[in-house]
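# Understanding the architecture of this molecule
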Amino acid sequence: MENHIITLSPLSSNDIEKELQSIQASARGIEIMKEKLIFRCFRITDVDTRAANILKQTMLSQGAEAAVSAGTVNLSASHTDVIIGATLHQLRNAVARLKEQPWGLKDIAHQIEKEYL
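Throughout what follows, the structure given in this document is the object of discussion. Owing to the predicted nature of the structure, the values given are computational and were not obtained by experimental measurement. (Residues numbered from 1 in each chain as written. Predicted model: local features only at pLDDT ≥ 70, side-chain atom pairs only at ≥ 80, totals over all residues. Heavy atoms only, no water.)

Now for a nonpolar patch on the surface. A grouping of Ile32, Met33 and Leu37 is seen on the molecular surface, where their side chains present a nonpolar patch of about 250 Å² in accessible area. Look at Met33 and you get partly exposed, because its relative accessible area is 33%. (Patch = residues over 30% accessible without salt bridge, like charges linked within 9 Å, V, L, I, M, F, W, Y side chains within 5 Å. Areas by Shrake-Rupley, 256 points an atom, 1.4 Å probe, with all protein chains shown as cover. Salt bridge = Lys/Arg side-chain N within 4 Å of Asp/Glu carboxyl O. Buried < 20%, exposed > 50% of the residue type's maximum accessible area, 1.4 Å probe, protein only.)

For the rest of this paragraph, the subject is helix α3 (residues 49–61). Over its 13 residues, α3 extends 18 Å from the first C-alpha to the last, a length consistent with the 18 Å expected when each residue adds 1.5 Å. Those residues of α3 hidden inside the fold are in contact with β1 (39–48), β2 (65–67), β3 (79–87), α4 (88–98) and α5 (105–116). For α3, the capping residue at the N-terminal end is Asp48, with a side-chain oxygen 2.7 Å from the backbone nitrogen of Arg50. (Helix = DSSP H or I, 4+ residues; strand = E, 2+ residues; numbered from the N terminus. Expected span 1.5 Å × (residues − 1). Contact = heavy atoms within 4.5 Å. Polar contact = N/O pair within 3.5 Å; in protein donor to acceptor, adjacent residues only side chain to side chain.)

For the structure shown, the criterion picks out one aromatic pair. Here Phe42 and Tyr116 contribute two aromatic rings whose centre-to-centre distance is 4.1 Å and whose plane-to-plane angle is 10°, an arrangement assigned as stacked. Of the two residues, Phe42 sits in strand β1 while Tyr116 sits in helix α5, which places them 74 residues apart along the sequence. Relative accessible area serves as the criterion here: at 6%, Phe42 is assigned to the buried category. For Tyr116, a relative accessible area of 28% puts it in the partly exposed group. (Phe/Tyr/Trp six-rings, centres within 6.5 Å; stacked < 30°, edge-to-face > 60°.)

Attention now goes to the sheet that holds β3. Pairing is antiparallel in the open sheet, where three strands are placed in the order β1-β3-β2. Looking at which strands have only one partner, the edges of the open sheet turn out to be β1 and β2. Averaged over all adjacent pairs, the angle separating strand axes in this sheet is 20°, with direction ignored. Sheet topology note: the β2/β3 ladder contains three bridges and is antiparallel. Looking at the pairing, Ala66 lines up with Ile84 of β3. Helix-sheet contacts for α3 involve β1, β2 and β3, and the interaxial angle to β1 is about 160°. Sheet contacts for α4: β1 and β3; angle to β3, the most-contacted strand, approximately 130°. (Pairing = 2+ DSSP bridges. Axes fitted to C-alpha atoms, helices over the stretch in contact; angles between N-to-C directions.)

Right, here's the structure in full:
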């Protein structure tokens, strides 16, 4: 028997759930895994570098990634674009934390929640 690799990304939560059901994963397993199998990648423009540093650390703490400009860490730039790569599970956890942060992160969290969760 020959193996085949089938690309499943990007899929919706419903599509992932159907794929998991098709391999006969348990109902509990599907609930646990479905948000961990959907990946989002997006760019946030013109973020205050102080906020970008918090955003990056928050994403990293969830196992996600956030790319920022080189001038972000030492605050030599006032603003940066940020590229985020995360699963739905990671984003959901990060958004909860970002809602409590300053420098526009509460608004960014609400935008992420609206557009990507």
